[in-house]
Structure formats: C-alpha cells, structure tokens
Amino acid sequence: MEILNKINSKDATIGIIGLGYVGLPLIIRYATVGYNIIGFDIDQKKVDKLNNAESYIAHITSAEISKQQDKITATIDFSNISKCDAIIICVPTPLTDHRSPDLSFVSETFESIKPHLRKDQLICLESTTYPGTTEEIIVGPLVDLGFTIGDDFFVIYSPEREDPANKDYETKTIPKVIGGFTPNCLEVGMALYGPAIDQLIPVSSLKVAEMTKLLENIHRAVNIGLINEMKRVADALEIDIFEIVSAAASKPFGFTPYYSGPGIGGHCIPIDPFYLTWKAREYGMNTRFIELAAEINEAMPSYVVEKLVDALNDQEKPLRGSKILLLGVAYKKNVDDARESPSVEIMEILREKGAIINYSDPYLPKFPDMREHQFDLESVPITAESVSSYDAVIVATDHDDLDYELIQQHAALIVDPRGRYRQLPDNVIRA
C-alpha cells in the first residue's frame, strides 16, 4: 500500500483537525519524530498563534512549538486536506441541552473535508463518542463517495487519552488503543501511531475502540460518585473522608483511591457517561448505575454552597450580600481549562442567591468565554489585604501555586471541598 510506504519513510503529511488540548500535543509529538504537519482549526486566533510558535495552552510552552516550527503549518483552509496522507480529527463532542450527544463538530468537520478527500488517505477519529459513530458519520459517507474502505481509503478510531498537566504521562507514553474498519485499516493505523507512541493496543473493531474510551471515563465518574456520596456520610458522622481514603489506600490490593471534591469537570468525565446512556436507550436498556453516579456528582456544587451557608449562619451572616472568593475556576488544578468546571457551577449558584463573587486563578487571568456561563470578572491577586476583605473563601480548584498558608492566616472562613487543609484549622470547614 502506497500510504504505508509514505508513513514508514516519514514522507507522509499528517493533518490534525482541532488545535486544542488534544490536537496541539499530537502536532508537537508528530513533528518531533519527523513528520510534516498541517494543523486545521476554525479559530483564526489559534491558527495565528501556532504559526507564530506561540502557545495558548498553559502546560505547553512556546519553546516546545518553536523547536518544531519548520515542520508545522496551521490553517483555516480545509482545501489543504488534499495534501494530507493521514487526517486525525480531534474536535469536541459535547452534550446538547437535553443531555444527548452533540456530534455537530464531527459532522461539520467531515462535511468541510469531504470535497478534498482523495484515494490513499487515512482518517482517524479521536473524539470521544458512542459505539457506531465512526461508521455512521465517516465510513458510510466515504462509501457513498465511491471509496473502498480498506483498499483505497482507510478508517480507524483511536480515542484520545490526554491528561493535561499530568507530569507522569505525556502523549508519547500513554498507550494508544486503535480499532480499524478492516484489517488493512488497522495495519495502516498501527503504522501511523507507531513512531509517535510507545505502546499500541490494537482491538478488533471501531466499536470496541469507541466503547473502550467510554468505559475508562465512566469507571472514573462512577467511582468519584461513590466517594462523593461517602463524603456526605462522613460529614454527617463528623469524620474526614480524605483521612478515610488515605487509610484505605494502604491496602496493597483490591482498592484504588479516588478523591471527593466539589463535583466533576473537564471535557470527558461529565460528558462521556451520557453518550453511553443515550446509546443504551436506543437498545431499550437503562444504565441506572451510571446515571445515579452522575446525579450525585452533579449535586456536589450545591452541597458546597449548603456548607457555606451553614458556616456563614454560624457567624450570623446571610449569604446574600456576602463577599465570596473562589480559588480556581479551572476544572482541575494546574490547567487553564474551565470546561464543565464545578467551580463555575458554584459561581452560578452563588450569583443566583445574591452573593458578591470574585475568583483567583493564576491560569485564567480573565474569566474565559463560555457558551453557557458569562462572568465579567478578572482574577484577583492573593494578598493578605485581598483575602481578609472576603467573608469566605472556597477552595474550588486547588492549584499548587496558590499561597494556602497566607490564605489560611488571613481568611475569615475557608470552605475546603478539595482537602487542601488536612488539619482543619479553626477557620476551615470541609465541604
């Protein structure tokens, strides 16, 4: 196969669609191992920054891009797809307002590239989705265009597994699951990812690969839901869930520690379970266990606010009119991504109840543009004077480079759902 020869000799040009938290690390990795890359996005600002070797993601430095700049071109012009031998799609797959899959980004991307496809190309979908998506949105239309999949065109699915700011794992070292529509498709897919990823995990079909990603994140969502429910019981018993988890984790087998918090966030864990529950209903099945975990996790921001209200009441203060400072609006520590962040949900609840809110987040100096949430706020500095001016501080996202000792010394009240303060000083309550 001609495409195999190009990939193996590194003469292949790789097109990566979506220059976000998944696409950008992949671009850098493929450029590092010697491939020419064309990055595609509909966001002109991202394209311009990438062409100028400027990073727009906190945990990726401009120097990392600059080192590979001669291998990377970014564009909003999808006609350049015809120049690519392999095309990797890394676009968002969010939910609709009714908690059903929103595949519009995938569908619109395919419609944009369809006029520019040619023989001897490979398409890989990395976006998380329900089993059957790749066949429905990509394979079927390709067949309608006259391509023979596995002969003159190749299709694989390989779910993204990025964990931003994780210092232990990076694109190169995270094992890659790959499913092909045919054995030839799988062979080409393995050749594509082999030079860039240390370990490849081939599976028997596109659907198995699609389902694998859902299982990974549903596993996390369900276990976090369990711990969040355990936290509420522990609070009622006036014992510390973080101490309990730490003690249980000493067991060398049969237990994996998960940690409670103000809810779940990011582009995967709050979203992926609903892709499976939606698909299961098509087959007349109810995924009650998964939906219960989601219900528990979604209730956690309200639980944090309830704990705050109780603590303010003990000080004879109403929530309405109280000044509240949230530490962190990113969905997890040490990243600049606020998608589905429980911090933002807490802010919404507080605003509705009449609190005066601000936030401090070193990774997000200005509140990000979001489809569902609008706050005209900028991050406030952490100083003794600023912290002492608030009625309460909520540790919503526990970034490592916040000065927690200074905060504890000067805050009137701290609500800590993240377990950052383990000894619980007098002005700290667990939530």
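Our subject is the structure that appears above.
In what follows, the accompanying structure is described. (Residues numbered from 1 in each chain as written. Predicted model: local features only at pLDDT ≥ 70, side-chain atom pairs only at ≥ 80, totals over all residues. Heavy atoms only, no water.)

**Remarks on the nonpolar core**
Within the largest apolar cluster, 84 residues are counted, with the highest numbers of intra-cluster contacts made by Tyr30, Ile88 and Leu117. Once residues within four sequence positions are removed from consideration, leucine 117 is found in contact with Ile81, Ile87, Phe110, Ile123, Leu142, Phe147 and Phe153. Core analysis: the next-biggest nonpolar cluster, separate from the first, contains 32 residues, Ile357, Leu364, Phe367 and Phe375 among them. (Core = buried A, V, L, I, M, F, W, Y, C linked by side-chain atoms within 4.5 Å. Buried < 20%, exposed > 50% of the residue type's maximum accessible area, 1.4 Å probe, protein only. Contact = heavy atoms within 4.5 Å.)

**Examining the packing of helix H8 (residues 206–236) against helix H10 (residues 272–282)**
Look at H8 against H10: their axes get within 8 Å of each other, and the N-to-C directions meet at 120°. Our pair here, H8 against H10, has a crossing hand that is left-handed. On H10, the residues that touch Met211, Lys213, Leu214, Asn217, Ile218 and Ala221 of H8 are Asp272, Pro273, Tyr275 and Leu276. Here the residues of the contact of H8 with H10 are counted per class, giving seven nonpolar, one polar and two charged. (Axes fitted to C-alpha atoms, helices over the stretch in contact; angles between N-to-C directions. Helix = DSSP H or I, 4+ residues; strand = E, 2+ residues; numbered from the N terminus. Left-handed = near helix turned anticlockwise from the far one by under 90°. Nonpolar A, V, L, I, M, F, W, Y, C, P; charged D, E, K, R; others polar.)

**A look at a negative patch on the surface**
A contiguous patch of negative charge, built from Asp97, Glu340, Glu345 and Glu372, is present on the exposed surface. With respect to the helices, strands and loops of the structure, glutamate 372 is situated in the loop between strand S10 (356–360) and helix H13 (384–388). Among the residues examined, glutamate 372 registers a relative accessible area of 55% and is labelled exposed. (Patch = residues over 30% accessible without salt bridge, like charges linked within 9 Å, V, L, I, M, F, W, Y side chains within 5 Å. Areas by Shrake-Rupley, 256 points an atom, 1.4 Å probe, with all protein chains shown as cover. Salt bridge = Lys/Arg side-chain N within 4 Å of Asp/Glu carboxyl O. Lys, Arg positive; Asp, Glu negative; His and termini not counted. Charge placed at Lys NZ, Arg CZ, Asp CG, Glu CD.)

**Thoughts on a nonpolar patch on the surface**
A cluster of nonpolar side chains, Val233, Leu237, Ile239 and Ile244, forms an exposed patch at the surface whose accessible area comes to about 340 Å². Along the polypeptide, leucine 237 turns up in the loop between H8 and helix H9 (241–248).

**A short note on the environment of glutamate 295**
Mapped onto the secondary structure, glutamate 295 falls in helix H11 (residues 288–314). Each C-alpha atom, one on glutamate 295 and one on valine 335, is 25 Å from the other, the two residues being 40 residues apart in sequence.

**Observations regarding the sheet that holds strand S6 (residues 153–157)**
Ordered by their spatial adjacency, eight strands build an open sheet running S3-S2-S1-S4-S5-S6-S7-S8, and the pairing between neighbours is mixed. With one partner strand each, in any of the chains shown, strand S3 (72–75) and strand S8 (200–203) form the two edges of the open sheet. Ignoring which end each strand starts from, the neighbouring axes of this sheet average 25° apart. In terms of strand pairing, strand S1 (residues 13–17) meets strand S2 (residues 36–40) through five bridges, oriented parallel. Bridged to isoleucine 14 within S2 is isoleucine 37. (Pairing = 2+ DSSP bridges.)

**As for the side chain of aspartate 152**
Among the structural elements, aspartate 152 can be located in the loop between helix H6 (133–144) and S6. Of the polar contacts made by the side chain of aspartate 152, one reaches the backbone nitrogen of threonine 148; its length is 2.7 Å. With residues up to four places along the chain from it excluded, the contact list for aspartate 152 reads Lys119, Asp120, Gln121 and Phe147. (Polar contact = N/O pair within 3.5 Å; in protein donor to acceptor, adjacent residues only side chain to side chain.)

**Some remarks on the pairing of strand S7 (residues 176–180)**
Counting buried residues in S7 gives five out of five residues, a clear majority hidden from the surface. Neither face of S7 is exposed, since Lys176, Ile178 and Gly180 on one face and Val177 and Gly179 on the opposite face are all buried. Sheet analysis places S7 next to S8, joined by four bridges and oriented parallel. Within S8, the position partnered with isoleucine 178 by the bridge is proline 202. A crossover connection joins S7 to the parallel S8 through helix H7 (residues 183–193); in handedness this β-α-β unit is right-handed. (Right-handed = clockwise from strand over helix to strand, strands pointing away.)

**Comments concerning the sheet that holds strand S9 (residues 323–327)**
Strand order across the open sheet formed by five strands is S10-S9-S11-S12-S13, with parallel pairing between neighbours. Only two strands of the sheet have a single neighbouring strand rather than two, namely S10 and strand S13 (428–430). Sheet twist, expressed as the mean angle between neighbouring strand axes with direction ignored, is 25°. As judged from the three bridges shared by strand S12 (residues 414–416) and S13, these two strands associate in the parallel manner. If you follow aspartate 416 over to S13, its bridge partner there is arginine 430.

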